[in-house]
Amino acid sequence: MIPVVIGISIIVFLIMALLPGDPAQAILGSYATPDNLARLRSELGLDKPLVQRYLIWFGNVLHGDFGRSFSLNRPVINEVMDRLGPTMLLAGSSLMLASLFGLVTGTVAAIRQYGWQDRLFTVLVLVGISTPSFWLGLILVLFFSVQLGWFPVSGMQSITGSGGFLDVLHHLVLPAFTLAIVATGVIARLTRSSMLEVLRREYIRSARAKGLSERRVVYVHAFKNALVSIIPVLGIQAGFVIGGAVYIETVFQWPGIGRMLVTAILTRDILLVQGGVFVIAIIYVLINLVTDVLQHMVDPRISA
Amino acid sequence: MRYRSSGLARFARNRTAAVGLGMVILIVLISLAAPILPLANPNATDLAIRLKPPGTAGHLLGTDQLGRDILSRLIWGTRVSLAVGLVATFAAAVVGSLIGIIAAYYSRWLDNLLMRGIDMLMAFPYILLALAIVAILGPGLLNALLAISVVNIPFFARNVRGAAVGLVRLEYVDTARLSGLSNARILFGELLPNVLPVIMITISTTVGWMILETAGLSFLGLGAQPPQADLGSMLGDGRDLILIAPHVATIPGLVILVLVIGINLTGDGLRDVLDPQLKSGALASPAPMTAVDHTAAAANRAAGTAGALAVSGLSTSFVLGPATVRAVQNVSFSVAPGESLGVMGESGSGKSVTALSVLQLVPTPPGRITAGSVAYDGQELVGAPLSTLQNLRGNRIAFVFQNPMTALNPLLSVGEQIVESLRRHQGLRGRAARQKAIELLDAVHIPDAEARLTTYPHELSGGMRQRAGTAIALSNDPDVIIADEPTTALDVTIQAQILRLFNELRVKRGLRLVFISHDFGVLSEVCDRIVVMYAGQIVETGSVKEIYESPLHPYTRRLMACVPMIGRAEEPLTAIPGLPPDLAQLPSGCYFADRCDLAIERCRAAPIELRTMSQGRSARCVRAGETAV
Amino acid sequence: MSDSAVLEVRKVSKDFRRGSLLFGAGNVVHAVTDLSLQLRRGDSLGIVGESGCGKSTLARILVGLIPPTGGQVFFEGEDVTIVSRRRRKELYRKIQFVFQDPLSSLNPRKTVRQLLEAPLVHLLGMERERRKERLLELMETVNLRPESLDRYPHEFSGGQNQRIGIARALAAEPSLIVLDEPVSALDVSIQAQILKLLENLSRSLGVTYLFISHDLAVVERMCEQIAVMYLGNLVEFGTRAQIFASPRHPYTSVLMRSVPAPGTRAVTRVAVHGEPPSPSNLPPGCPFEPRCYRAEAKCAEVKPDLLPYPEGHRAACFFGDDPQPPPMEEAAG
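If you're wondering where the values come from, they're calculated on a predicted model, not measured in any experiment.

Student: So what's going on with the interface of chain B and chain C? Which residues, and what values?
Tutor: Taken residue by residue, the interface counts 65 residues in chain B and 69 residues in chain C. Here chain B meets chain C over a buried area of about 5,900 Å², counting both sides, of which 55% is carbon and sulfur. In this structure, the connection of chain B to chain C is made through 2 salt bridges. Here Glu190(B) makes a salt bridge to Lys110(C), at a shortest N to O gap of 2.9 Å. Here chain B and chain C share 25 residue pairs in polar contact (both at pLDDT 80 or more) between them. Mapped by element, the contributors of at least two residues to the side of chain B that touches chain C are helix H3 (108-122), helix H6 (171-178), helix H7 (183-219), helix H18 (462-474), helix H19 (492-509) and helix H20 (520-526) of chain B.

Student: Please provide a residue-by-residue account of the domain arrangement of chain A, values included.
Tutor: Residues and elements named next belong to chain A. For chain A, the assigned domains read domain 1 (2-65) and domain 2 (83-298). Relative placement of domain 1 and domain 2: their C-alpha centres are 36 Å apart. On the domain 2 side, the residues contacting the 13 residues of domain 1 number 9 residues. Across the interface of domain 1 and domain 2, roughly 1,100 Å² is buried in total on both sides, 86% from carbon and sulfur atoms. Run the count over domain 1 and domain 2 and you get 0 salt bridges. Where domain 1 meets domain 2, there are 0 residue pairs in polar contact (both at pLDDT 80 or more). At the level of secondary structure, the elements contributing two or more residues to the side of domain 1 that touches domain 2 comprise helix H1 (2-18) and helix H4 (50-62). In terms of residues, the side of domain 1 that touches domain 2 owes the most to one element, H1, which gives 7 residues. Along the lines of polarity and charge, the residues of the side of domain 1 that touches domain 2 split into 12 nonpolar, 1 polar and no charged.

Student: So what about the pairing of strand E2 (residues 309-320) of chain B? Which residues, and what values?
Tutor: Residue and element names in this part refer to chain B. Within E2, 10 of the 12 residues are buried, which leaves it mostly tucked inside the rest of the structure. Bridge count between E2 and strand E3 (residues 323-335): 8 bridges; the pairing is antiparallel. Note that in E3 the partner of Leu314 across the bridge is Val331. Summarising the sheet, E2 and strand E5 (residues 367-376) pair through 8 bridges and their orientation is antiparallel. Bridged to Phe318 within E5 is Gly367.

Student: Tell me about the sheet that holds strand E3 (residues 45-48) of chain C, and please be specific about residues and values.
Tutor: Sheets are built from strands paired through backbone hydrogen bonds, the pairs being either parallel or antiparallel. All names here are of chain C. The mixed open sheet is built from 8 strands, whose spatial order is E6-E7-E8-E3-E9-E10-E12-E11. Only two strands of the sheet have a single partner each, and these edge strands are strand E6 (95-98) and strand E11 (307-308). Alignment of E6 against strand E7 (residues 176-180), held across 4 bridges, turns out to be parallel. When the sheet's bridge partners are listed, Phe97 is paired in E7 with Val178. Against the sheet, helix H5 (residues 158-170) touches E6 and E7, its axis set at about 170 degrees to E6.

Student: Before we move on, could you go through the packing of aromatic side chains and cite the residues and values that matter?
Tutor: All told, the structure shown has 18 aromatic pairs over all chains when counted by the stated rule. Taken together, a centroid distance of 5.8 Å and an interplanar angle of 85 degrees make the contact between Phe502(B) and Phe515(B) edge-to-face. In this pair, Phe502(B) is assigned in helix H19 and Phe515(B) in strand E9 (residues 512-517), connecting sequence segments 13 residues apart. Accessibility classification places Phe502(B) together with Phe515(B) in one group, the buried group. For the pair Phe97(C) and Phe99(C), a centre-to-centre distance of 4.8 Å together with 55 degrees between the ring planes defines the contact as tilted. You can call Phe97(C) buried: its relative accessible area is 0%. According to the relative accessible area criterion, Phe99(C) is buried, its value standing at 2%. Taken together, the ring pairs in this structure connect Phe143(A), Phe144(A), Trp150(A) and Phe151(A) into an aromatic cluster.

Student: Talk me through the confidence of the model for chain B; I want residue IDs and the actual numbers.
Tutor: Residues and elements named next belong to chain B. Of all residues in chain B, 94% have pLDDT values of 70 or greater, and the mean over the chain is 85. When the criterion is pLDDT under 50, residues 1-8 qualifies, and its contacts beyond four places in sequence or with other chains add up to 22 contacts. Across the interfaces of the predicted complex, the ipTM metric reaches 0.87, alongside a pTM of 0.85.

Student: So what's going on with the packing of H7(B) against helix H8 (residues 231-239) of chain B? Which residues, and what values?
Tutor: Geometrically, a packed helix pair is captured by the angle between its two axes and the distance between the axes. Residues and elements named next belong to chain B. At their nearest, the axes of H7 and H8 sit 7 Å apart, and the two run at 40 degrees to each other. The orientation of H7 with respect to H8, classified from their angle, is oblique. Here the hand of the crossing between H7 and H8 comes out right-handed. Along its contact with H7, which presents Ala215, Ser218 and Phe219, the element H8 presents Gly232, Ser233, Leu235, Gly236 and Arg239. Along the lines of polarity and charge, the residues of the contact of H7 with H8 split into 3 nonpolar, 4 polar and 1 charged.

Student: Quick one: what's the story with the nonpolar core, residue by residue and with numbers?
Tutor: Residues Phe399(B), Ile418(B), Ile482(B), Phe515(B), Ile166(C) and Phe211(C) are the most contacted members of the largest nonpolar core, which totals 164 residues. Broken down by element, this core gets its largest block of residues, 8 residues, from helix H6 (residues 188-205) of chain C. Apart from the residues lying within four places of it in its own chain, the contact partners of Phe399(B) are Ala209(A), Ala355(B), Leu356(B), Leu359(B), Leu361(B), Ala473(B), Ile482(B) and Asp484(B). The next biggest cluster of nonpolar side chains, apart from the first, holds 136 residues, and it includes Phe58(A), Ile248(A), Leu257(B) and Val260(B).

Student: An account of the side chain of Gln417(B) is needed here, citing residue identities and associated values.
Tutor: With respect to the helices, strands and loops of the structure, Gln417(B) is situated in helix H15 (residues 414-426). Residues in contact with Gln417(B), not counting those within four places in the same chain, are Lys210(A), Leu408(B), Asn409(B), Leu412(B), Pro457(B) and Ile472(B).

Student: Account for unusual backbone geometry, with residues named and values stated.
Tutor: Residues and elements named next belong to chain B. Following Thr364, the chain continues into Pro365 via a peptide bond in cis, with omega recorded as -5 degrees. Here Pro365 shows up in the loop between helix H12 (351-358) and E5. The omega torsion across Pro365 and Pro366 is 0 degrees, close enough to zero to call that bond cis. Within the secondary structure layout, Pro366 lies in the loop between H12 and E5. Within the chain, Gln360 stands out as a residue other than glycine whose phi angle is a positive 55 degrees. When you line up the elements, Gln360 lands in the loop between H12 and E5. The phi torsion at Ala535 lies on the positive side, around 50 degrees, for a residue other than glycine. Following the sequence through the fold, Ala535 ends up in the loop between strand E10 (529-534) and strand E11 (537-543). Residue Ala535 is classed as buried on the basis of its relative accessible area, which comes to 4%.

Student: Before we move on, can you summarise a nonpolar patch on the surface with the specific residues and values?
Tutor: Residue and element names in this part refer to chain A. On the surface, a cluster of nonpolar side chains totalling about 740 Å² of accessible area is made up of Ile2, Ile6, Ile10, Leu14, Leu18, Leu50, Val51 and Leu55. Listed by contribution, the elements that provide at least two residues to the nonpolar patch are H1 and H4. Sorting elements by how many residues they give to the nonpolar patch places H1 first, with 5 residues. Structurally, Leu18 is set in helix H1. Accessibility expressed as a relative area gives 55% for Leu18, which makes it exposed.

Student: I'd like a description of the sheet that holds strand E1 (residues 5-17) of chain C, backed by residues and values.
Tutor: All names here are of chain C. One open sheet accounts for 4 strands, arranged E2-E1-E4-E5; its pairing is antiparallel. Every other strand in the sheet has two partners, leaving strand E2 (28-40) and strand E5 (78-79) as the edge strands with one partner each. Sheet analysis places E1 next to strand E4 (residues 70-75), joined by 5 bridges and oriented antiparallel. Note on E4: the bridge partner recorded for Ser13 is Gly70.

Student: Go over H18(B) with me, naming the residues and quoting the values.
Tutor: Residue and element names in this part refer to chain B. Look at H18: 18 Å from first C-alpha to last across 13 residues, which is about the 18 Å you get at 1.5 Å a residue. Burial analysis of H18 places 12 of its 13 residues in the buried class, the great majority of the element. Those residues of H18 lying buried are Gly463, Met464, Arg465, Gln466, Arg467, Ala468, Gly469, Thr470, Ala471, Ile472, Ala473 and Leu474. Among the structural elements, strand E7 (397-400), helix H14 (404-407), H15, helix H16 (430-443), strand E8 (480-484) and H19 are those in contact with the buried residues of H18.

Parameters at a glance
- Every residue gets a number counted from 1 within its own chain, in the order that chain's sequence is written.
- As they are written, the chains are lettered A onward and the ligands numbered 1 onward, keeping that order.
- Two thresholds apply to this predicted model, a pLDDT of at least 70 for residue-level local features and 80 or more for giving and counting side-chain atom pairs, whereas whole-chain, interface and lining totals are computed over all residues.
- Only heavy atoms go into the side-chain values, all of them from the structure, while hydrogens and water stay out.
- Contact criterion: two residues are considered in contact whenever any of their non-hydrogen atoms come within 4.5 Å of each other.
- Two parts lose some accessible area (1.4 Å probe) when they are put together, and adding that loss for both gives the buried area.
- For salt bridges, the criterion is a side-chain nitrogen of Lys or Arg within 4 Å of an Asp or Glu carboxyl oxygen.
- Any pair of nitrogen or oxygen atoms within 3.5 Å is treated as a polar contact; in protein, a donor-acceptor pairing is required on top of that, and neighbouring residues in sequence qualify only through side-chain atoms on both sides.
- Working definition: helices are DSSP H or I runs of at least four residues, strands are E runs of at least two. Numbering for both runs from the N terminus.
- Here the bounds of each domain stem from an automatic or database domain assignment.
- Residues are grouped as follows: Ala, Val, Leu, Ile, Met, Phe, Trp, Tyr, Cys and Pro are nonpolar; Asp, Glu, Lys and Arg are charged; all remaining types, including Gly, are polar.
- With a 1.4 Å probe rolled over the protein chains alone, any residue whose accessible area is under 20% of its type maximum counts as buried; one over 50% counts as exposed, and the rest are partly exposed.
- In this analysis, strands are considered paired if DSSP registers two or more bridges between them.
- As a rule, the C-alpha atoms of each element are fitted with a line to give its axis, helices using only the stretch in contact, and angles between N-to-C directions run from 0 to 180 degrees.
- Each Phe, Tyr or Trp ring (for Trp, its six-membered ring) is paired with any other whose centre lies within 6.5 Å, and the angle between the two planes then decides the class: stacked below 30 degrees, edge-to-face above 60, tilted in between.
- On a scale of 0 to 100, pLDDT captures the predictor's confidence in every residue.
- Comment on the angle field: the value is read as roughly parallel under 35 degrees, roughly antiparallel over 145, roughly perpendicular from 65 to 115, and oblique elsewhere.
- The handedness criterion is simple: a crossing whose near helix is rotated anticlockwise from the far helix by less than a right angle is left-handed, and one whose near helix is rotated clockwise is right-handed.
- Here the nonpolar core consists of buried residues drawn from Ala, Val, Leu, Ile, Met, Phe, Trp, Tyr and Cys, with membership extended through side-chain atoms lying within 4.5 Å.
- Here, patches come from residues exposed beyond 30% relative accessible area and free of salt bridges, joined within 9 Å for like charges and within 5 Å for nonpolar side chains (Val, Leu, Ile, Met, Phe, Trp, Tyr).
- Only the protein chains shown count as covering a residue, and every accessible area follows the Shrake-Rupley method with a 1.4 Å probe.
- Residue count minus one, scaled by 1.5 Å, sets the expected span of a helix.

Shown next as structure tokens:
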């Protein structure tokens, strides 16, 4: 894992180092005299060689110091941490929804192959994976928030700061569902095909030859084996959900890290971008770790 | 002999795929025709008519915030979205596939290097990478295209490498080397064509994605820049207007939805065509019991003496599309208490299907029991409800399968797989169940039985696994064990041990054995009587001694003569010419006639009956019993 | 190196490293250990053993598909383990290989014609006219109809595919063909057809075989010389008569007696208990010692060399000069 983290840090750093345009210029704007520029560049360490800049930056990162965002005028780490929570809340609940719905519907569709449940399933999945999530968000807001008034239009909390848990939950519903739709489709489809594949295997025949109930055959013998193929994809979907959060946060004005990143890129706030991307990448690595652990728990053939 | 899959299932899929393809073609044609259609100028602004709703005169779909005609912008925008999606996919496919194939084919360290690099790229949520690339290069459609392409390369590389690695280990790559082909030739001439289906399937699943992703980037303002517009940027423009003029955003989104649905439908259809598993008809997962034709259930009579297993007139067929493979035809035999019956035949003879049919484990689809009866202890099994079968399976009649690696669930320990059978039929739980499981493992001579309870199948050797499988079969002290080629996959020294085990079980427990094998030597060690099958029919029955000393059917005789035996190397080997008949197109007379050295005209004229020659002795040959043979 | 030896194998070893490349010491599987033997021109050699004995690995080393970890292989006096790629290509005109599974060894997307032409084009550089003739010759040699040339492997049965594989191996007119379990994947009645074909070819074309199999009866029929392998080691070597009439290594005796003999309502005798240990965890002395009925203390400590006996018979056992058959256990029934 360590080499991956280091690799990520290098990539993140390089990306930002390659950004065209002079950051010092962008920061100083109309105050950019040659003297000021030179002084700022020296302050930001922009005049040092690339490798040294990387090492300085990475060294600071290990201490939790990502530098200072010039556009927001606060330490990057603070901003990133503030924004990380909402995104994780959004992504986490979406992933849970998607996994739950996906696994259940996929299994049902597999058991009732060619039945009406299966056909309905196919249609829903098709629509699910073909929908642009940002468009869907708009539609849902239009319908549920504007027309029906059931849910708030945007934001994570009411401005009239009751700010409690239930209030956040209320705001969470539409964004979480929207974000979950595509992931649900992918997980559901994979579950169905994995189950179908596993149900054709010989040990399923053996289990039936023992006279075991169909319920046991499907849920203990088949499902567990299907999970082996599904779990890695859950990990990948976690990544897609985090990525997709960028759109949802934009549509629903959710105060998350995705929206922060887009703005930071447009304003060329390098340090903020670096911090944000790095943290997200680390989280992704952690997710992969969790996936590996889960896989190991389910499949004894995989060595630690 | 391979049969094409059922027409019905594939057609249904193909119809939706055709619809999908139609949608895509329609959209493509319309967008291609944009220059010649009578459309308003997509860039002409006119603030006086801004935000007109759909249905306004002269503007079918209304106007946007700058007064531009939405219908026209829609069609022009679709062109852009389509073009970008296709180019991005193609680029990612070419680069990614190349990386994948090279990684799979060349040395391990190159593979490791490339794959670690891919892994690291995939460590970034795709959108971050895309955003970063666009940030470096600046917003713009071409840059968005590049970003999306690059970000999808790992996906192709992974998929293609996965498929190629499986192929590289296949021996036809070695065959190519032996034929003198150079590495480059092998890579592009041998590997690539076989990996192509995977590439095409991956393309079909990612084109839709690519279009969505580029639209997303444009939505955020990072893709198409004004005055250029694609569907995503139109959506982005309309975002802030959602409350006052929803049509500006909803319509482009709808088009994206329809387009991607069409593409995905087409992709699904393509996958069905290219996926080899689907082609050979192995679509559906098997039902818990074999389907029985009504006629079969109606004609049954529960027969047989108490405690006997009596099969009478059993016929099982496989329906594969237009062809019906008659795997088992009119098979009858019985196994009395204390007896051990061998079923001998080569592949395609129907011996395994017969065994599976007894407990109705033949996969449906495509199998069906078309006639006959299976009676156990006076109870009729064909047409019986699933619960009856489930009570019998693993309880009074148990199975031992051929391949112990695939017959055991890899994720459950050996102990669990024994205990679940004990629990199901005897209600044993906890310590009592564990105790019994240990006894069973001891009975099959697995050393260190208690420790073995928690081992998994992959941790055992082939011989041990087969013993474990036998232990499972013995769990509830069955009357009958049906063993389908249980030693074929084992080494000869291990086979000897397993055969001894079976004999011991027979004697000690009075177990009735139905033993299926192609090997007469094996059968003669464990069986009293033998039934010889060919092309789905029984062609001879008799005791082991009778069959060995005086085989009645030419097939039996020739089959035994063509097996090399130790110490008989000087005798010439008489092979049987030709091949067994196609079970979907059986001849009208004797099935063996074309390969038989004794065939006369009478043999081909009409179906041959199974003639009883004496007690327990029968043969399906008109010339059986003729002295000068 | 004797002058009539076409193939000489000298102390060949092959180790496979399991486990990740980055983390060094995974398990090491000793697939083949210190193996030496000779193949004489005109005398087909059979290599027998059970699964895991290393015979398939050895076969692939001999033909150059896998490099050995140690040792050398001399073909007609030339060390083929160190040849250049170009020389290897030239050698493929003399040594060829037939695989066990006919279906996985033929590219499903190539027609029979393409498969058979490949060696003609790439190994022999034959021009088109001559190729056409040669293709027809080959099809006739293996008893396949010429119309089959434009069909694909999946349209044929297993036996027919194996004929195609044999035809491909014969295309460049090699003097030595290594066959790795060529009939094991086939039905019994088809096996006999292929064995007869191979016999005829050997007689008419003068090809020498190196025949790998687990089936003693097949090897007895096809080969004049026989080598028995166990856990990567050569444990006995001799002529057909020597091996079958008077085996000197306990494993060979055990192997022969484990084959079920039909015809008699036989008591099943078990000649050997237990199972072979894992090839990554070999015992220090004789590899067969844990299961051997003649084992004594020294067998576990010292590994016997391949000791010579009269008339070229060799066995890796301390008791080779006084072989005794395994004790027969009467089993129930």
